[in-house]
Amino acid sequence: MRWHGEDDTARFAARLAALPGLANAFVTLHGDLGAGKTTLVRHLLRALGVQGRIKSPTYAVVEPHEAPGLAIWHFDFYRFSDPREWEDAGFRDIFASPGLKLAEWPEQAAGLLPPADLALHIEALDDTERRATLRAGTAHGHTLLQGLNA
């Protein structure tokens, strides 16, 4: 996919938010700093009905959000470096519970995370244009991809 500006990012987020199976998905977001991972998450959370301020979990590692009938956890593993933090912070319990999990910089927690249902790779081509590639990593992810392509 090519996004020619933030409006395209918002439209994709709305399409993703409309998928019924997204409520219990694990989506990883990959890309360099400034590629648009957090921007996509903000648009997705808004499309899902999250109200109020949406802040990046860069320092907290995880920010919980609530949408009507949906628990959402937004992880940013950019500064994650201690595997003990995984247990101490209760991340295992979060991933075992129902809800949408979104993770930026998942490679920083490699070996601890379950397989992603969807992996979204975002590449900045210039100040406004992005190339996005979406890959399914599970049977649930394949179902989600089929829903996007329908």
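Not measured: the values here are computed from a predicted model.

Draft legend 1. A look at the overall build of the chain. What the chain contains, in helices and strands, is five helices and seven strands. Each helix (α) and strand (β) of the chain, taken in turn from the N terminus, gives the series β-α-β-α-β-β-α-α-β-β-β-α. In terms of overall size, the chain behaves like a compact globule, its C-alpha atoms giving a radius of gyration of 14 Å where 150 residues would be expected to give roughly 15 Å. Each principal axis of the C-alpha distribution contributes one length, and for the chain these read about 40 × 30 × 30 Å. The buried share of the chain, taken over its 150 residues, is 49%.

Draft legend 2. Region of interest: unusual backbone geometry. Despite not being glycine, Trp105 shows a phi value in the positive range, around 55 degrees. Position of Trp105 relative to the elements: it lies in the loop between β5 (100-104) and β6 (118-124). Residue classification places Trp105 among the buried positions, given a relative accessible area of 14%.

Draft legend 3. The arrangement of the nonpolar core in detail. Counting residues in hydrophobic clusters, the biggest one holds 31 residues, and the most contacted among them are Leu44, Ile72, Leu100, Leu102 and Leu120. Counting only elements with at least two residues in this core, the list comes to α1 (6-17), β2 (26-30), α2 (37-48), β4 (70-76), β5, β6, β7 (130-136) and α5 (139-149). Once residues within four sequence positions are removed from consideration, Leu120 is found in contact with Met1, Trp3, Phe12, Thr28, Leu29, His30, Leu40, Ala132, Thr133 and Leu134. The next biggest cluster of nonpolar side chains, apart from the first, holds 16 residues, and it includes Val61, Val62, Ala103 and Ala116.

Draft legend 4. Representation of the side chain of Asp8. Residue placement: Asp8 occurs in helix α1. Here Asp8 falls in the buried class, since its relative accessible area comes to 18%. Sequence-distant contacts of Asp8, that is, excluding residues within four places in its chain, are made with Arg2 and Trp3.

Draft legend 5. Up close: the sheet that holds β6. Pairing in this open sheet of seven strands is mixed, and the strands run β1-β7-β6-β2-β5-β4-β3 from one edge to the other. Bordering the open sheet on either side are β1 (2-3) and β3 (62-67), each of which pairs with just one other strand. Relative to β5, β2 runs parallel, the two being bridged by four bridges. From the neighbouring strand, Val27 faces β5, where its bridge partner is Leu102. Sheet strands touched by α5: β6 and β7. Its angle to β7, the strand with the most contacts, is close to 130 degrees.

Draft legend 6. Structural detail: the pairing of β6. Of the strand pairs in this sheet, β2 and β6 are connected by four bridges, and their pairing is parallel. Bridge assignment links Thr28 to a residue of β6, and that residue is Ala119. Direction of pairing for β6 relative to β7: antiparallel, over a ladder of seven bridges. Looking across to β7, one finds that Leu120 is bridged to Leu134. In sequence, β6 turns back onto β7 through a hairpin of five residues.

Draft legend 7. Structural detail: α5. For α5, the set of buried residues is Gly141, Leu144, Leu145 and Leu148. Mapping the buried residues of α5 onto a view down its axis gives an arc of 100 degrees, with all of them on the same face. Facing away from the buried side of α5 by over 90 degrees, the exposed positions are Ala139 and Gln146. On its buried face, α5 is in contact with α1, β6 and β7. Structurally, the start of α5 carries an N-cap: the backbone nitrogen of His140 is 3.4 Å from a side-chain oxygen of Thr138.

Analysis parameters
- Residues numbered from 1 in each chain as written.
- Predicted model: local features only at pLDDT ≥ 70, side-chain atom pairs only at ≥ 80, totals over all residues.
- Heavy atoms only, no water.
- Helix = DSSP H or I, 4+ residues; strand = E, 2+ residues; numbered from the N terminus.
- Rg over C-alpha atoms; globule rule 2.2 N^0.38 Å.
- Buried < 20%, exposed > 50% of the residue type's maximum accessible area, 1.4 Å probe, protein only.
- Core = buried A, V, L, I, M, F, W, Y, C linked by side-chain atoms within 4.5 Å.
- Contact = heavy atoms within 4.5 Å.
- Pairing = 2+ DSSP bridges.
- Axes fitted to C-alpha atoms, helices over the stretch in contact; angles between N-to-C directions.
- Arc of directions from axis to C-beta.
- Polar contact = N/O pair within 3.5 Å; in protein donor to acceptor, adjacent residues only side chain to side chain.

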